[in-house]
There are 10 protein chains.
Amino acid sequence: MLYAVKMHVAIPHDLDPAERDATIAREKAYSQDLQRGGEWRHIWRCAGQYSNISIFDVESNERLHEILWGLPLFAYMTVEVTPLATHPSDIHA
Amino acid sequence: MLYAVKMHVAIPHDLDPAERDATIAREKAYSQDLQRGGEWRHIWRCAGQYSNISIFDVESNERLHEILWGLPLFAYMTVEVTPLATHPSDIHA
Amino acid sequence: MLYAVKMHVAIPHDLDPAERDATIAREKAYSQDLQRGGEWRHIWRCAGQYSNISIFDVESNERLHEILWGLPLFAYMTVEVTPLATHPSDIHA
Amino acid sequence: MLYAVKMHVAIPHDLDPAERDATIAREKAYSQDLQRGGEWRHIWRCAGQYSNISIFDVESNERLHEILWGLPLFAYMTVEVTPLATHPSDIHA
Amino acid sequence: MLYAVKMHVAIPHDLDPAERDATIAREKAYSQDLQRGGEWRHIWRCAGQYSNISIFDVESNERLHEILWGLPLFAYMTVEVTPLATHPSDIHA
Amino acid sequence: MLYAVKMHVAIPHDLDPAERDATIAREKAYSQDLQRGGEWRHIWRCAGQYSNISIFDVESNERLHEILWGLPLFAYMTVEVTPLATHPSDIHA
Amino acid sequence: MLYAVKMHVAIPHDLDPAERDATIAREKAYSQDLQRGGEWRHIWRCAGQYSNISIFDVESNERLHEILWGLPLFAYMTVEVTPLATHPSDIHA
Amino acid sequence: MLYAVKMHVAIPHDLDPAERDATIAREKAYSQDLQRGGEWRHIWRCAGQYSNISIFDVESNERLHEILWGLPLFAYMTVEVTPLATHPSDIHA
Amino acid sequence: MLYAVKMHVAIPHDLDPAERDATIAREKAYSQDLQRGGEWRHIWRCAGQYSNISIFDVESNERLHEILWGLPLFAYMTVEVTPLATHPSDIHA
Amino acid sequence: MLYAVKMHVAIPHDLDPAERDATIAREKAYSQDLQRGGEWRHIWRCAGQYSNISIFDVESNERLHEILWGLPLFAYMTVEVTPLATHPSDIHA
């Protein structure tokens, strides 16, 4: 089941730089694990923004929430979730 | 070069039903041609909305505009364009 | 799988009254069938609004879209979909 | 009398972690007491958000305010209240 | 139980003038009946707007909805409902 | 001359608790003085919000500003002012 | 007593041109009468908009509403009213 | 003196096609005259939108308004004006 | 050349009170100098807000920016600029 | 390939003044290098705002993102990107 998720990141300016870097590193590892597992299908950077647009392929709303809630940067994110369905014009459908 | 495009469709209620159906049929053919050509990479329906989220892979802003401007339903659409770049966490990058 | 859906209805003022009434009657029958089938779990009127807040329990985003797209009043609605997950404080979870 | 309430939580990043955890624990106990008492009828997590959608069944606006005002996390919440009425399509009405 | 209700009226420009005047006359009578009955406690015109701010004193959300839904101008209104509670600074509380 | 005023309070989380409590106490006394003097005609709590809707009856914009500017919590408030006029349906007008 | 009023005009495209021109002519005469009377102190066109920013000097909210409600173009306007007070930096105060 | 102007065009769906085409043709001629005269310095299409971003170089607000008000498509446009000044980082300043 | 400028002030709560008072005093002197010089034609307080609406009469966008950028409170302000032109109904035009 | 980019800067009030000045100086140098290189074609100050409107001419979304992400003030900016295409009325096209 597919979802489009837009994440915007706003790290507080006074966050300890070491903690900041460690959190970003954990975020990358966390994302790449899920990409390798097939649940995080696409991740694109929005040009000029500290934001990404991602496509998730998970079994349920429950699992989507578990993944997003677990993001190391979650506390600093604004997240927008759009559940997706097959489009009637999709040639792969 | 990738772009995320969100299209929301609002067909006027008093549009002639035959014209409406013909326009929707032309929209489908137009989209499928571009999907087969590789420029319209993904199209998903937003669940519960007369909207889609699409990913385009085109050579320029110019070409993206040409495609979107030519949509048979363009006059009835609200369109939001987000130029995309590679995300540093993308395992395929 | 649960979803909260807010629907706001704006029927055009110049719609033929007979068509208007017939569409509203079909909407009611359509909703009640899905309530009896267990997929449309709750429907509440927002006080003072031509709007409702509903809870759907369906197997997928796909099925949710199919139901909402088929609403007789869909063309006149603004729809907002929120996918739901279990809350850690829920005593029934 | 029913109300839909959407709560969005934004805990300040510099809050003492012990105070943070204690407040969240008190919030959970507070919510579960009201759920057991029947006034807090439903609580769902919005997938991907630090937010919930809840349904309250209380005797008055006064009582609803007393409950929400007393939430241990209230100072960190944005709250949206929608008073509900019976929907004419509700098969249980 | 008190509610603040803001109503904004936008009558379609092409409404038949006779129907327009008759509806406004019925709205006035409807409002004045409820004022005399004590449920519509206050009605003020927002200066420079085709809007009013009103205070209702009714027994339930259900009754509030019944009153607002029955407004002769309801189809042309945008309505905003705020349930009210006693303020701790109110000298009359 | 009447005005509807909506005040939303957001006290900074790091304000000294003693100063916080003293300011709230002064706000209450300030409001009650003006209520007794007849200029602050109504004050209602918005259910579930740290907000109030108030009705002021003052001789001028100047006086309204003087009152609001002097609120002990003014620095922490978002204030929305709506000048009011007599509504043609008001039975007391 | 001063008020800043922003008016934005949106005349329906299908309004009869003769009625349109007559209404605009009446609007001009109406405004100029009030300017000559001293109540409509300033009127400026917002560059590039079918909008104006005006300053009114009237005795009450009641009178302001009477003037704005009587505007020949009122039905086609969006109006925003800001009650004004003396600024402590004003050298003329 | 420079201004950035964003124009969004929404031609009514029921406008007579001949009038529509004639108006668009007049708009083009009008724009090109001003480009040749040096006052309309740049015009770019926003990709995927019936919108443009333009830069005007005119002697006054008055002249800017005269130009925009005279646009053949003005009645169908939403216009946003940003007055510009020299940026301290501009190497041409 | 005229401009309407709306300034909203939000001084950080933790600003040193002496610096705060000194900045406000400098703001007042700065404004009054420009009022005496004729460039800052009007300044009004928005009733109930830490905001003002001002009218500037300056020779260019450049000069307007220089004045606003130099405001002692500029760092704490949200500023909205509307370039003005003569209104065709203005009796003084 | 052209892009319009609007940048709004909000430097935190508690940033160390020396760091603040150094960052602004690096921003200026960074911008001027790109202007000299031809990729940053225009930069204008929005009058009365800590904002600029810029035109970039770069080979791809990827390059645009690299430039903007590298801005010394990026962490303090809100950025809005509009991909541009040739306008059919452009006399230089």
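Cut-offs applied
- Residues numbered from 1 in each chain as written.
- Chains lettered and ligands numbered in written order.
- Predicted model: local features only at pLDDT ≥ 70, side-chain atom pairs only at ≥ 80, totals over all residues.
- Heavy atoms only, no water.
- Helix = DSSP H or I, 4+ residues; strand = E, 2+ residues; numbered from the N terminus.
- Buried < 20%, exposed > 50% of the residue type's maximum accessible area, 1.4 Å probe, protein only.
- Contact = heavy atoms within 4.5 Å.
- Buried area = accessible area lost by both parts, 1.4 Å probe.
- Salt bridge = Lys/Arg side-chain N within 4 Å of Asp/Glu carboxyl O.
- Polar contact = N/O pair within 3.5 Å; in protein donor to acceptor, adjacent residues only side chain to side chain.
- Nonpolar A, V, L, I, M, F, W, Y, C, P; charged D, E, K, R; others polar.
- Expected span 1.5 Å × (residues − 1).
- Arc of directions from axis to C-beta.
- Least-squares fit on C-alpha atoms with pLDDT ≥ 70 in both.
- UniProt positions renumbered as here; feature names shortened; annotations may be inferred.
- Pairing = 2+ DSSP bridges.
- Axes fitted to C-alpha atoms, helices over the stretch in contact; angles between N-to-C directions.
- Phe/Tyr/Trp six-rings, centres within 6.5 Å; stacked < 30°, edge-to-face > 60°.

A tally of regular secondary structure across chain A gives two helices and four strands. Reading chain A from its N terminus to its C terminus gives the helix and strand order β-α-β-β-α-β. Along the longest, intermediate and shortest principal axes, the C-alpha atoms of chain A span 50 × 25 × 20 Å. Split into buried and exposed, the 93 residues of chain A put 56% on the buried side.

Next up on the list: the interface of chain F and chain I. Facing 11 residues of chain F, the contacting portion of chain I comprises seven residues. Where chain F abuts chain I, roughly 700 Å² becomes buried across the two surfaces, and 63% of that area is made up of carbon and sulfur atoms. The interface formed by chain F and chain I contains zero salt bridges. Counting every contact that joins chain F to chain I gives three residue pairs in polar contact (both at pLDDT 80 or more). Of all the secondary structure elements, the ones that give two or more residues to the side of chain F that touches chain I are helix H2 (61–69) and strand S4 (77–86) of chain F. Looking at which element gives the most residues to the side of chain F that touches chain I, the answer is H2(F), with four residues. Each residue belonging to the side of chain F that touches chain I can be placed in one class, and the counts come to eight nonpolar, two polar and one charged.

Moving on: helix H1 (residues 17–37) of chain A. Note that an α-helix has 3.6 residues per turn; residues three or four places apart therefore point the same way. Residue and element names in this part refer to chain A. With 21 residues, H1 should cover 30 Å at 1.5 Å per step; its first-to-last C-alpha distance of 30 Å lies within 8% of that length. Listing the buried residues of H1 in full gives Thr23, Glu27, Ser31, Gln32, Leu34 and Gln35. Down the axis of H1, the buried side of the element spans an arc of 165 degrees, and every buried residue falls inside it. Facing away from the buried surface of H1 by more than 90 degrees, the exposed residues are Ala18, Asp33, Arg36 and Gly37. Structurally, H1 contributes buried residues whose contacts are with strand S2 (40–46), helix H2 (61–69) and strand S4 (77–86). Gly38 sits one or two positions beyond H1 and adopts a positive phi of about 95 degrees.

Another point: the relation of the copies chain F and chain I. Turning chain F through 72 degrees and shifting it by 0.0 Å along the axis lays it on chain I, with an RMSD of 0.0 Å. Such a combination of turn and shift is consistent with a five-fold rotation axis. For chain F, the residue whose C-alpha comes nearest the rotation axis is F:Asp14, separated from it by 8.1 Å.

The feature "domain: Muconolactone isomerase" (unreviewed entry), as given by UniProt, occupies residues 1–90 of chain A in the numbering adopted here. Strand forms 36% of residues 1–90 of chain A and helix 33%; the C-alpha atoms that close the span are 16 Å apart.

A few words on the sheet that holds S4(F). One closed barrel accounts for eight strands, arranged S1(E)-S3(E)-S2(E)-S4(F)-S1(F)-S3(F)-S2(F)-S4(E); its pairing is antiparallel. Taken over all neighbouring pairs, the strand axes of this sheet differ in orientation by 35 degrees on average, direction set aside. Of the pairings in the sheet, the one linking strand S2 (residues 40–46) of chain E to S4(F) comprises three bridges and is antiparallel in character. Looking at S4(F), one finds that E:Arg45 is bridged to F:Ala85. Each of S2 of chain E together with strand S1 (2–9) and S4 of chain F is contacted by helix H2 (residues 61–69) of chain G, which is oriented at about 75 degrees to S4(F), the strand it contacts most.

A word on the side chain of A:Thr23. Structurally, A:Thr23 can be placed in helix H1. When residues no more than four places from it in sequence are discounted, the contact partners of A:Thr23 are A:Pro72 and A:Leu73.

Taken together, the contact between chain I and chain G spans 26 residues of the former and 26 residues of the latter. Together, the buried faces of chain I and chain G total about 2500 Å²; carbon and sulfur atoms form 62% of this surface. Connecting chain I to chain G are zero salt bridges. At the surface where chain I touches chain G, the tally comes to 12 residue pairs in polar contact (both at pLDDT 80 or more).

Bringing the relation of the copies chain I and chain G into the picture now. Mapping between the two chain copies consists of a rotation about an axis together with a translation along that axis. For the pair chain I and chain G, the superposition axis carries a translation of 0.0 Å, the fit reaches an RMSD of 0.0 Å, and the rotation angle comes to 180 degrees. Each copy turns onto its partner about a two-fold axis. Here 100% of the interface residues in chain I have copies in chain G that are interface residues too; the copies meet face to matching face.

Below, the discussion takes up the side chain of H:Asn52. Within the secondary structure, H:Asn52 is located in strand S3 (residues 51–57). Here H:Ser54 takes part through its side chain, which lies 2.8 Å from a polar atom of the side chain of H:Asn52. Dropping the residues within four chain positions of it, H:Asn52 is found in contact with H:Val5, H:Lys6, H:Met7, H:Ile43, H:Trp44, H:Arg45, H:Cys46 and J:His87.

Residue and element names in this part refer to chain H. With respect to the helices, strands and loops of the structure, Pro72 is situated in the loop between helix H2 (61–69) and strand S4 (77–86). It is 6.4 Å that separates the C-alpha atoms of Pro72 and Arg26, two residues lying 46 residues apart in sequence. Once residues lying within four places of it in the same chain are set aside, the contact partners of Pro72 are Thr23, Arg26, Glu27 and Tyr30.

For helix H2 (residues 61–69) of chain J, the full list of buried residues reads J:Asn61, J:Leu64, J:His65, J:Ile67 and J:Leu68. The arc that holds the buried residues of H2(J), viewed along the axis, is 165 degrees, so those residues lie on one side.

We now examine the packing of aromatic side chains. Evaluation of the coordinates by the stated rule reveals 30 aromatic pairs over all chains. With centroids separated by 5.3 Å and ring planes inclined at 45 degrees, the aromatic side chains of A:Trp69 and A:Phe74 adopt a geometry described as tilted. Owing to a relative accessible area of 11%, A:Phe74 belongs among the buried residues under this scheme. Considering the side-chain rings of I:Trp40 and I:Phe56, the 4.6 Å spacing of their centres and the 45 degrees angle between planes classify their relative orientation as tilted.

Bringing the arrangement of the chains into the picture now. Chain B makes no contact with chain D; the smallest distance between any of their C-alpha atoms is 15 Å. At the level of C-alpha atoms, the two units chain A and chain F stay apart, their nearest approach being 15 Å.

Let us now look at the pattern of salt bridges. Close approach of charged atoms lets side chains of opposite charge pair. All names here are of chain B. Scanning all chains against the criterion turns up 50 salt bridges over all chains. Of the charged contacts, one joins Arg41 and Asp57 as a salt bridge, the two residues approaching to 2.8 Å between their closest N and O atoms. Here Arg41, found in strand S2 (residues 40–46), pairs with Asp57, found in strand S3 (residues 51–57); they are 16 residues apart in sequence, far enough to count as distant. In this structure Arg41 comes out as partly exposed when scored by relative accessible area, which is 38%.

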